[in-house]
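Residue-level structure breakdown
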Amino acid sequence: MRLLVCGGAGFIGSNFARVRVHDHGDEVVVLDKLTYAGRRENLADLADSPGFALVHGAIEDAQAVASAFAESQPDAVVNFAAETHVDRSIAEPDAFVQTNWLGTHVLLEAARQKGTRYVQISTDEVYGSIGEGSFTESSPLAPSSPYAATKTGADLLVSSYVHTYGLPAMVCRGSNNYGPFQYPEKLIPLMVLSALHGERLPVYGDGLQVRNWLYVTDFAHAIGCVLAKGVPGEVYNVGGPDECPNLEIVNRIVELTGADPRLIEHVRDRPGHDRRYSLSSAKVRTLGWEPQVRLEDGLADTVDWYRANPWWWEPIRSGEYRDYYERHYGRALSTD
Ligand code: NAD
Ligand code: DAU
């Protein structure tokens, strides 16, 4: 296939691009704004692959989108492009509305012109928090954060383009991903790098919030199933095989890195913090998908990857991230 992968220089998009090029021999063109989270290094090993290109541009820029369509002549578009960090959306929501909602609209317009198959990458956060049981695709939408609200708005735009214009589009809602190339503002890489540097491990509130962990290549394979066999107009939930409270994850990272458990520090909770996420993946399983990686193994592999790849995270820790960390956590990173 020829794929236009928007936001493909980020964490999940780059892992998806790698799977498509290596396992499927697809020609992949990535359109990416290269924000702090979008990094050329994430795609370095694909640079010489036949048909691969990285185009620098924003999805809310209709001209950049038109050029990317012209360059890739895609059989399908997969949209990962987004502002993705909940804490940043609470501090500064503007870019979330711009990219996640308006940007999705611009992409949908371009796809509509050509009738291109389209997969929107969405999140379990559109359903809000659940006490018991798991969300299905027909659960009510109840986003809590500005991030989640803009993702919900995008999902509804996709649905409107299916119903109004007959666009062959699907929505794929993933639970919390983890694995290589995840920017260290997110829980697992933040805790791994902090533990390796002997820095404090800031757990929000009581740390008993539960997330439904999905290894990133498992998500990539699920998106591949939706791309190949998904029914236009349908939504597919993709939940990981394990649920785990944050504090348990942090304790496990302490063990895996050999860090001092006294580094764990309970800090002020995130405003409006969702207590638990859980997705039923029964529908996507009917397309032939099964998760392959359990949390215990995936977490150990992820710690190994961060240990083995300082070339990847050293430039991050000395750049914008340093200011973000200080602004958000009110303390400086250690000097490496
Ligand atoms: P990420 O922050 O690592 O990557 C986002 C990418 O989008 C970056 O490459 C960034 O440069 C690019 N981008 C941002 N604004 C853009 C714009 N205006 N135009 C073009 N590119 C832009 O995020 P991620 O964790 O890889 O998430 C990818 C997608 O998956 C997002 O849509 C997110 O909502 C969704 N998702 C993430 C998770 C998770 O746990 N990380 C779970 C479910 C769904
Ligand atoms: O559920 C899917 C979502 O998962 C995606 O849509 C988002 O893009 C992605 O960022 C992620 O959102 P979360 O808010 O769940 O992820 P984060 O890694 O920020 O936090 C995971 C949990 O860990 C959450 O309960 C907050 C907590 N946490 C996070 C950080 C950064 C802490 O306790 N301390 C921290 O320093």
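Residues numbered from 1 in each chain as written. Chains lettered and ligands numbered in written order. Predicted model: local features only at pLDDT ≥ 70, side-chain atom pairs only at ≥ 80, totals over all residues. Heavy atoms only, no water.

**Some words on the overall build of the protein chain**
From N to C terminus, the protein chain includes 12 helices and 12 strands. What you see for the protein chain is a C-alpha radius of gyration of 19 Å, in line with the 20 Å of a compact globule of 336 residues. Projecting the C-alpha coordinates of the protein chain onto the three principal axes gives extents of approximately 55 × 45 × 35 Å. Out of the 336 residues belonging to the protein chain, those deemed buried represent 59%. Considering only intrachain contacts with a sequence separation of at least 6, the fraction spanning at least 24 residues in the protein chain is 81%. Split by element, the accessible area of the protein chain, about 13400 Å² in all, is 50% carbon and sulfur. Averaging the locations of the 30 positively and 44 negatively charged side chains of the protein chain gives two centres separated by 1 Å. (Helix = DSSP H or I, 4+ residues; strand = E, 2+ residues; numbered from the N terminus. Rg over C-alpha atoms; globule rule 2.2 N^0.38 Å. Buried < 20%, exposed > 50% of the residue type's maximum accessible area, 1.4 Å probe, protein only. Contact = heavy atoms within 4.5 Å. Areas by Shrake-Rupley, 256 points an atom, 1.4 Å probe, with all protein chains shown as cover. Lys, Arg positive; Asp, Glu negative; His and termini not counted. Charge placed at Lys NZ, Arg CZ, Asp CG, Glu CD.)

**A word on the pairing of strand β11 (residues 242–245)**
The two faces of a sheet get side chains in turn, since along a regular strand they alternate between them. Along β11, the buried face is formed by Asp242 and Cys244; none of Glu243 and Pro245, which line the opposite face, is buried. For strand β9 (residues 210–215) and β11, the ladder comprises four bridges, and the chain directions are antiparallel. From the neighbouring strand, arginine 211 faces β11, where its bridge partner is cysteine 244. (Pairing = 2+ DSSP bridges.)

**Let's talk about the nonpolar core**
The biggest cluster of nonpolar side chains holds 38 residues, and the ones touching the most others in it are Ile188, Leu201, Ile253 and Tyr321. Going through the elements one at a time, α6 (187–196), β8 (201–204), β9, α8 (246–257), α10 (295–308), α11 (310–317) and α12 (320–329) are the ones with two or more residues in this core. The element best represented in this core is α6, accounting for six residues. The two domains that each donate at least three residues to this core are domain 1 (2–178 + 214–238) and domain 2 (187–211 + 242–275 + 296–322). (Core = buried A, V, L, I, M, F, W, Y, C linked by side-chain atoms within 4.5 Å. Domains from an automatic or database assignment.)

**Quick look at the site of ligand 1**
The environment of ligand 1 is formed by 29 residues, the closest being Asp32, Glu60, Thr84, Tyr147 and Lys151. In this structure, an oxygen atom belonging to ligand 1 sits 2.6 Å away from a side-chain N or O atom of tyrosine 147. Expressed as a share of its isolated accessible area of 830 Å², the protein-covered part of ligand 1 is 96%. Elements with a contribution of two residues or more to the shell around ligand 1: α1 (11–24), β5 (117–123) and α5 (146–165). (Near = heavy atom within 4 Å. Polar contact = N/O pair within 3.5 Å; in protein donor to acceptor, adjacent residues only side chain to side chain.)

**So, the domain arrangement of the protein chain**
For the protein chain, the assigned domains read domain 1 (2–178 + 214–238) and domain 2 (187–211 + 242–275 + 296–322). Placing a centre on the C-alpha atoms of domain 1 and another on those of domain 2 gives a separation of 25 Å. Taken together, the contact between domain 1 and domain 2 spans 15 residues of the former and 17 residues of the latter. For the pair domain 1 and domain 2, the summed buried area comes to about 1300 Å², and 50% of that belongs to carbon and sulfur atoms. It is Arg39, Asp87 and Tyr178 that lose the most area in domain 1 upon contact with domain 2, and together they represent 32% of the buried surface on that side. Seen at the junction of domain 1 and domain 2, the total is two salt bridges. For the salt bridge of arginine 270 with aspartate 87, the shortest nitrogen-to-oxygen distance reads 2.7 Å. Put simply, domain 1 and domain 2 have six residue pairs in polar contact (both at pLDDT 80 or more) between them. When residues of the side of domain 1 that touches domain 2 are assigned to their parent elements, the largest contribution, four residues, is made by helix α3 (residues 86–91). (Buried area = accessible area lost by both parts, 1.4 Å probe. Salt bridge = Lys/Arg side-chain N within 4 Å of Asp/Glu carboxyl O.)

**Examining the packing of aromatic side chains**
Counted according to the given criterion, the structure contains 15 aromatic pairs. A centroid spacing of 5.0 Å and a plane angle of 75 degrees characterise the contact between tyrosine 36 and tyrosine 183, whose relative ring orientation is edge-to-face. Residue tyrosine 36 is found in the loop between β2 (27–32) and β3 (53–56), and its partner tyrosine 183 is found in the loop between β7 (177–178) and α6; the two are separated by 147 residues along the sequence. Its relative accessible area of 17% is what places tyrosine 36 among the buried residues. (Phe/Tyr/Trp six-rings, centres within 6.5 Å; stacked < 30°, edge-to-face > 60°.)

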